[in-house]
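# Structural overview
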Amino acid sequence: MNWSDFFQAIKAGDVPNLLLFAGPEEYLKREAIGALRASLLPPGLEELNEQVLESADARAILDAADTMPMMCDRRIVIVRDWAPMTPGKSKNEESDVALIEKWIQNPPPGCVTVFTFRGDPDKRKKATNLLSKAATVVDFDYLTDPQLKQWANRRLKPYGKKIAPDALSALVFMAGRELTRLSGEIDKLAAYTDRADTVLIADVQAIVPPSLEYNVFELMNRLLDGNLGEAEKMLANLLQNGQNPVGILAMLSRQLRQLTHMRLALDAGKPVLTVQEALKMHPYAARQLARQAKMRPAEMLHALFEEAIEYDFQIKSGKLRDREALGALMIKIADSGLAKRGN
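Residues numbered from 1 in each chain as written. Predicted model: local features only at pLDDT ≥ 70, side-chain atom pairs only at ≥ 80, totals over all residues. Heavy atoms only, no water.

## Quick word on the overall build of the protein
Helix and strand content of the protein: 17 helices and 7 strands. For 343 residues, the compact-globule estimate of 2.2 N^0.38 gives 20 Å, and the C-alpha radius of gyration of the protein, at 25 Å, exceeds that figure by more than 25%. Overall size of the protein, expressed as C-alpha extent along the three principal axes, is 75 × 55 × 40 Å. Buried positions account for 48% of the 343 residues belonging to the protein. Total accessible area on the protein is roughly 17,500 Å²; 51% of this is exposed by carbon and sulfur atoms. Positive and negative charge centroids in the protein, built from 45 and 45 side chains respectively, lie 3 Å apart. (Helix = DSSP H or I, 4+ residues; strand = E, 2+ residues; numbered from the N terminus. Rg over C-alpha atoms; globule rule 2.2 N^0.38 Å. Buried < 20%, exposed > 50% of the residue type's maximum accessible area, 1.4 Å probe, protein only. Areas by Shrake-Rupley, 256 points an atom, 1.4 Å probe, with all protein chains shown as cover. Lys, Arg positive; Asp, Glu negative; His and termini not counted. Charge placed at Lys NZ, Arg CZ, Asp CG, Glu CD.)

## Examining the nonpolar core
Ranked by size, the top nonpolar core spans 86 residues in total, and within it L19, F21, L36, L171, V204, L252 and L256 carry the most contacts. Residues in contact with L256, not counting those within four places in the same chain, are M220, L301, L304, F305, A308, L329 and I333. (Core = buried A, V, L, I, M, F, W, Y, C linked by side-chain atoms within 4.5 Å. Contact = heavy atoms within 4.5 Å.)

## Remarks on the sheet that holds strand 3 (residues 75-80)
Strand order in the open sheet formed by 5 strands is 2-3-4-1-5, and the pairing between neighbours is parallel. Looking at the sheet topology across the chains shown, the edges are occupied by strand 2 (50-54) and strand 5 (136-139). Each neighbouring strand pair of the sheet contributes to a mean axis angle of 20°, computed without reference to strand direction. Where strand 2 meets strand 3, 5 bridges bridge the pair, whose relative direction is parallel. Note that in strand 3 the partner of V52 across the bridge is I78. (Pairing = 2+ DSSP bridges. Axes fitted to C-alpha atoms, helices over the stretch in contact; angles between N-to-C directions.)

Pasting the structure below:
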């Protein structure tokens, strides 16, 4: 079951007694637990009918779930990051799993028990396999682009605002897809655009702290423009903020590989969307990549990619220091020619 179907099940009053929450979207997991609480627990009796367990053994989980609800039909037990379903071996894991294995065959009807994890439980563990078969698994994946558009505009509606499509695309590229961060950025954008009814891309670029991926895209822009001085300033800022030179070199290398694929696709008459889907890129990133790819022929981009691989090898073999190798690659890219060749 996906998260959207689960919210519909809550509205319909059709909530299973045993649930397993998995997936990367933590904001929606919190929203789902809140919706469960509002649906099942009478106002004023929430604390008596809800129990959150962390670092709990199987006996504590069973005792909590077997407790009778107070003045309502079902109580809620939230089990967070249960150790037998996470990497590594936990204390008394075999006996805990054996106890849970018997219990999940007939969970108490007076309780909704939710096993929830930051991310996914470890699929290699016996307990995960048991719960995945016995419980209703709810997948909390990141929102798709159409879902993000609906969510963002719904979030902005109380402010009397909406967000332009290109602004939302830039926001997701700069801040990532996690709703926890996006919700905070949208609140800031609503305050920043106090007198306007639409959040524009300029507003996003003005106040949203960019992700490393976005910064590397901008770094590549400076290099492809031949502006090595500006690129060096950007790099110095990234390093001062704790970014690793090897990580930055790896991202430049990946971008050069993507640029090569994009240029070859454009030369073959293929649409940007084809490369976007093949490389699983965000639409904003794909459009930026297409613009960058037009600045060099495919042969030159591929040669630069091979240079990046060679510098990475020289770091790992101890022939070059990481900062030295990164600087050398940046010079290579900046010196590769300013003319928009191969158009």
